[in-house]
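Architecture at a glance
The residues making up each chain are set out below.
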Amino acid sequence: MLTDRPAVSLDDYTERARAVLPPEVWDYVAGGSAAEVTLAANRRGLDRVAVLPRVLRGVGAVDLRTRLLGRPYAMPVGVAPMAYQRLLHPDGELALAAAAGAAGVPYVASTLASTPIEQITGAGAEVWFQLYWLRERAMVRDLLDRVVAAGCRALMLTVDVPVLGRHPRDLRNAFRLPADVVAANLPDGRDALAHAGAPGVAAVAASFAPALRWADLAWLREQVDLPLVVKGVLDPRDAVEAVRVGADAVVVSNHGGRQLDGAPASITMLPEVLDAVGDRCQVLLDSGVRGGTDVLRALALGAAGVLVGRPLLWALAVGGQPTARDALALLAAELTDALTLAGCPDPAAAGELRTVEVR
């Protein structure tokens, strides 16, 4: 059996997770929006980035350490915000956060986490909190108070979800959350729709505010004295505006292909966003990262780091915290190999590499 052998790449966890998860849960995590064009584009876009390695550089031991949002981390990787992780394993967010802590990387907790933020910050990782803007500003204010009191290190506002994208897999499955998996950071009843289901109706939802504006981001900047990250930027003009309003970092992301179908791959827009913001903020990449080579590609193009999502959920599903920890250790080994082969002693050196686009 597959599980009798150790994983040698992050992809190894994919089919192992499929074998242990209910089909509708697999589809919920694996699927994208509409025809899943953007979901597929993320992989193609990354594979089109060829990195030109340097030689005779005397690279010995590689040091993966880096700084994100002014804080030191073991490698230029964070765990992406992902909802309802107890769908995949009973320990859910606590297991994946503990694995992130062991790996020395930040864990980004979702507004739609199935574990309260106060428990997640006690699991051992440095936690950033991902905020979905809610319809009632008072609810946002209350949530911010909890985030600060819990000791979160940064606030990440997701801006590409005025409404949830239409997910055909979930619609066909009439997907709904089990009763024991809730949006633990929202007031009672706010995720009630997510526990209802009918043929052809996808129920996972929250009280998002579709009319989010730049003025709301400016208000948010005034509310908390934490590094502010804006996630879901593809157009360079929006990245520039985010910096103007006070963002400390932007995440170039198409939400893993789960929002606007037909949007470009995140990696495709990364160079334009970097050119637009210059050194005024850090730029991270999200969507489609599946291994150390992908991290190298992002670094070579100029990103400060990446967020990794689905592969870590698959590892969580297979074996909880120990397997998620193994997955992050495997990613570190892959990145070490990639940097060594590219002639880079550390992530900063990767930013000096050239890349070419291949077809």
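Residues numbered from 1 in each chain as written. Predicted model: local features only at pLDDT ≥ 70, side-chain atom pairs only at ≥ 80, totals over all residues. Heavy atoms only, no water.

Once that is clear, we can look at the packing of helix H9 (residues 236-245) against helix H10 (residues 266-277). Put simply, H9 and H10 touch, their axes get as near as 8 Å, and they point 40° apart. By the angle between their axes, H9 is oblique relative to H10. When you trace H9 past H10, the crossing you get is right-handed. On H10, the residues that touch Pro236, Ala239, Val240 and Val243 of H9 are Met269, Glu272, Val273, Ala276 and Val277. Along the lines of polarity and charge, the residues of the contact of H9 with H10 split into 8 nonpolar, no polar and 1 charged. (Axes fitted to C-alpha atoms, helices over the stretch in contact; angles between N-to-C directions. Helix = DSSP H or I, 4+ residues; strand = E, 2+ residues; numbered from the N terminus. Parallel < 35°, antiparallel > 145°, perpendicular 65-115°, else oblique. Left-handed = near helix turned anticlockwise from the far one by under 90°. Contact = heavy atoms within 4.5 Å. Nonpolar A, V, L, I, M, F, W, Y, C, P; charged D, E, K, R; others polar.)

When the charged atoms of two side chains with opposite charge come close together, those side chains can pair. Across all of its chains, the model carries 18 salt bridges by this definition. Residue Arg153 pairs with Glu126 through a salt bridge whose shortest N-O separation is 3.7 Å. Taken together, the residues Arg153 in the loop between helix H6 (137-150) and strand E7 (154-158) and Glu126 in the loop between helix H5 (117-120) and strand E6 (127-131) connect sequence positions 27 residues apart. The exposure class assigned to Arg153 is partly exposed, which follows from its relative accessible area of 37%. A relative accessible area of 23% places Glu126 in the partly exposed class. A salt bridge links Asp294 to Arg297; its shortest N-O distance comes to 2.8 Å. Of the two residues, Asp294 and Arg297 both sit in helix H11 (residues 292-301), 3 residues apart, roughly one turn of that helix. With relative accessibility at 3%, the residue Asp294 sits in the buried group. On the basis of relative accessible area, Arg297 is assigned to the buried category, the value being 12%. A network of salt bridges, in which partner residues are shared, links Arg43, Asp47, Asp294 and Arg297. (Salt bridge = Lys/Arg side-chain N within 4 Å of Asp/Glu carboxyl O. Buried < 20%, exposed > 50% of the residue type's maximum accessible area, 1.4 Å probe, protein only.)

Right, let's get into the packing of aromatic side chains. The full count for this structure, using the stated rule, is 4 aromatic pairs. With a centroid separation of 4.8 Å and 15° between ring planes, the pair formed by Tyr28 and Phe175 is classed as stacked. Taken together, the residues span a long stretch of sequence, with Tyr28 in helix H2 (residues 23-30) and Phe175 in the loop between helix H7 (168-173) and helix H8 (214-223) at a distance of 147 residues. Here the aromatic rings of Tyr73 and Trp128 are separated by 6.2 Å at their centres, their planes lie at 70°, and the arrangement is edge-to-face. Placement of the pair is Tyr73 in strand E3 (residues 71-73) and Trp128 in strand E6, with a sequence separation of 55 residues. As far as the burial class goes, Tyr73 and Trp128 line up, both buried. Note that Arg137 overlies the ring of Trp219, its terminal NZ or CZ placed 4.3 Å from the centroid. A cation over a ring is seen here: Arg258 above Tyr28, with NZ or CZ 5.3 Å from the ring centre. (Phe/Tyr/Trp six-rings, centres within 6.5 Å; stacked < 30°, edge-to-face > 60°. Lys NZ or Arg CZ within 6 Å of the ring centre and 35° of its normal.)

On to helix H12 (residues 310-341), then. Side chains of residues three or four places apart in an α-helix project in the same direction, reflecting 3.6 residues per turn. In this model H12 runs just 26 Å from its N-terminal to its C-terminal C-alpha over 32 residues, more than 12% under the 46 Å that 1.5 Å per residue would give. Most pronounced at Gly320, the bend in H12 amounts to some 135°, and the proline Pro322 follows within four residues. The positive-phi residue at the C-terminal boundary of H12 is Gly343, with phi of around 80°. (Expected span 1.5 Å × (residues − 1). Bend = angle between axes of the 7 residues up to and from the residue.)

Let's shift gears to a nonpolar patch on the surface. On the surface, Leu52, Val356 and Val358 cluster together into a nonpolar patch covering about 180 Å² of accessible area. Note that Val356 resides in strand E12 (residues 354-357). (Patch = residues over 30% accessible without salt bridge, like charges linked within 9 Å, V, L, I, M, F, W, Y side chains within 5 Å. Areas by Shrake-Rupley, 256 points an atom, 1.4 Å probe, with all protein chains shown as cover.)

Their axes nearest at 8 Å, the elements helix H4 (residues 92-103) and H12 cross at an angle of 25°. By the angle class used here, H4 and H12 are roughly parallel. Handedness of the H4/H12 crossing: left-handed. Facing Gly92, Ala95, Leu96, Ala98, Ala99, Ala100, Ala102 and Ala103 of H4, the residues of H12 in contact are Leu312, Leu313, Leu316, Gly320, Gln321, Ala324, Arg325 and Leu328. Per-class residue counts for the contact of H4 with H12 are 12 nonpolar, 3 polar and 1 charged.

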